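# Commentary on secondary and tertiary structure
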Amino acid sequence: MVAIRTYLTTVAAAGLLALMPSTALAVTAGVDDGSFEYPAAPANSFSTLRAGQTIGPWTVDSGSVDLIGRGFWQAAERVQSVDLNGTGPARVSQTFPTTAGKTYTVSYALAGNPEGNQGVKTGRVLIDGQNVQDFSFDTTGKTRARMGYVGRQTTFVATGTSTTLSFASTTASGAYGPVIDDVRVGTCCSCSTCSG
Ligand SMILES: [Ca+2]
């Protein structure tokens, strides 16, 4: 019993530690503020940010996005999220340290702006400017209270000491685009063990 207790204690401690790397990884081995929580957008409203402006560590490369504030609609993680169409399609990017040759997993939560013209919202994930994943989300029947977030993920092999991760809307017209939140980059997981 002593041996088993020791084992269980070790497992429990490891379990606690296992909860921490998702946050630690986001800082040390991947993106910073993948939850789009900083700066705070107006509660029950949003901020429209245009090319050249930043969302914390993220930069709006082109077009405009809406940074959705607390309470405007359901976030996937904490309270804020990003509509990749502000007044039209946008691209947001963040550059972070990587190790060349190492494989990284990008995971994120995907939904779409349920207002206006409901339907399929499309976009893509880019690594160093190269398209690595197309995504789509159908907002039909979704609401601000029930966004219907789904998990998505892709992997890439870093080619240098830094990598630029981008999310771009390919929803051509309008202010109702794909919505992303809870972006994480890590080296911990194979695709078979990651959620989503
Ligand atoms: Ca968030």
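### A word on the overall build of the protein
Helix and strand counts for the protein stand at two helices and 12 strands. In the protein, the order of α-helices and β-strands from amino to carboxyl end is α-α-β-β-β-β-β-β-β-β-β-β-β-β. Looking at the protein as a whole, 37% of its 196 residues qualify as buried. Expressed as a percentage of contacts within the protein between residues at least 6 apart in sequence, the contacts between residues at least 24 apart total 75%.

### Things to note about the sheet that holds strand β3 (residues 58-62)
A sheet is described by the order of its strands in space; here six strands give the open sequence β2-β3-β6-β11-β8-β9, paired in antiparallel fashion. Each edge of the open sheet is held by one strand with a lone partner, namely β2 (54-55) and β9 (130-138). The pairing of strand β8 (residues 120-127) with strand β11 (residues 162-169) spans five bridges and is classified as antiparallel. In the sheet register, Leu126 faces β11, and the bridge partner there is Ser166.

### Some thoughts on the nonpolar core
Residues Val65, Leu67, Val82, Val92 and Ile180 are the most contacted members of the largest nonpolar core, which totals 38 residues. Of all the secondary-structure elements, those providing two or more residues to this core are β1 (46-50), β3, β4 (64-68), β7 (103-112), β8, β11 and β12 (178-186). Tallying contributions element by element places β7 first for this core, with six residues. Among all residues touching Val92, those that are not within four sequence positions of it are Ile55, Trp58, Thr59, Val60, Asp61, Val65, Val82, Ser166 and Phe167.

### Here's the deal with the sheet that holds β4
One open sheet holds the six strands; their spatial order is β1-β4-β5-β12-β7-β10, and the pairing between them is antiparallel. Here the strands that pair on one side only, and so sit at the sheet edges, are β1 and β10 (150-157). On average, adjacent strands in this sheet sit at an angle of 30° to one another, irrespective of strand direction.

### Examining the pairing of β12
Counting buried residues in β12 gives eight out of nine residues, a clear majority hidden from the surface. Pairing geometry for strand β5 (residues 81-83) and β12, over two bridges, is antiparallel. Note on β12: the bridge partner recorded for Asp83 is Val179.

### Notes on unusual backbone geometry
Here Tyr38 and Pro39 are connected by a cis peptide whose omega angle stands at -5°. Of note, Pro39 is situated in the loop between α2 (21-28) and β1. One non-glycine residue with positive phi stands out, namely Asn44, at about 60°. Checked against the element boundaries, Asn44 lands in the loop between α2 and β1. Owing to 11 C-beta atoms within 10 Å, Asn44 belongs among the exposed residues under this scheme. Its identity as a non-glycine residue notwithstanding, Arg78 has a phi of 55°, on the positive side. For Arg78, the location among the structural elements is in the loop between β4 and β5.

### What to know about the environment of Arg124
Of note, Arg124 is situated in strand β8. As a C-alpha pair, Arg124 and Phe135 span 11 residues in sequence and 5.6 Å in three-dimensional space. With residues up to four places along the chain from it excluded, the contact list for Arg124 reads Asn131, Gln133, Asp134, Phe135, Ala168 and Thr170.

### Topic: the pairing of β4
For a regular strand, side-chain orientation follows a simple rule: the groups alternate between the two sheet faces. Of all five residues in β4, four are buried; the element is thus mostly enclosed. For β1 and β4, the ladder comprises five bridges, and the chain directions are antiparallel. Each bridged residue has a counterpart across the sheet, and for Ser47 the counterpart in β4 is Leu67. Examined bridge by bridge, β4 and β5 share three bridges and lie antiparallel to one another. Bridged to Ile68 within β5 is Ser81.

### Section: the confidence of the model for the protein
A residue-level look at the protein finds 81% of positions with pLDDT of 70 or above and a mean pLDDT of 86. Segment residues 1-28 is flagged for pLDDT under 50; beyond a separation of four residues in sequence, or across chains, it makes 10 contacts in the model.

About the cut-offs
- Residues numbered from 1 in each chain as written.
- Predicted model: local features only at pLDDT ≥ 70, side-chain atom pairs only at ≥ 80, totals over all residues.
- Helix = DSSP H or I, 4+ residues; strand = E, 2+ residues; numbered from the N terminus.
- Buried ≥ 20, exposed ≤ 12 C-beta atoms within 10 Å, placed from the backbone.
- Contact = placed C-beta atoms within 7 Å.
- Pairing = 2+ DSSP bridges.
- Core = buried A, V, L, I, M, F, W, Y, C linked by C-beta atoms within 7 Å.
- Axes fitted to C-alpha atoms, helices over the stretch in contact; angles between N-to-C directions.
- pLDDT = per-residue confidence, 0-100.

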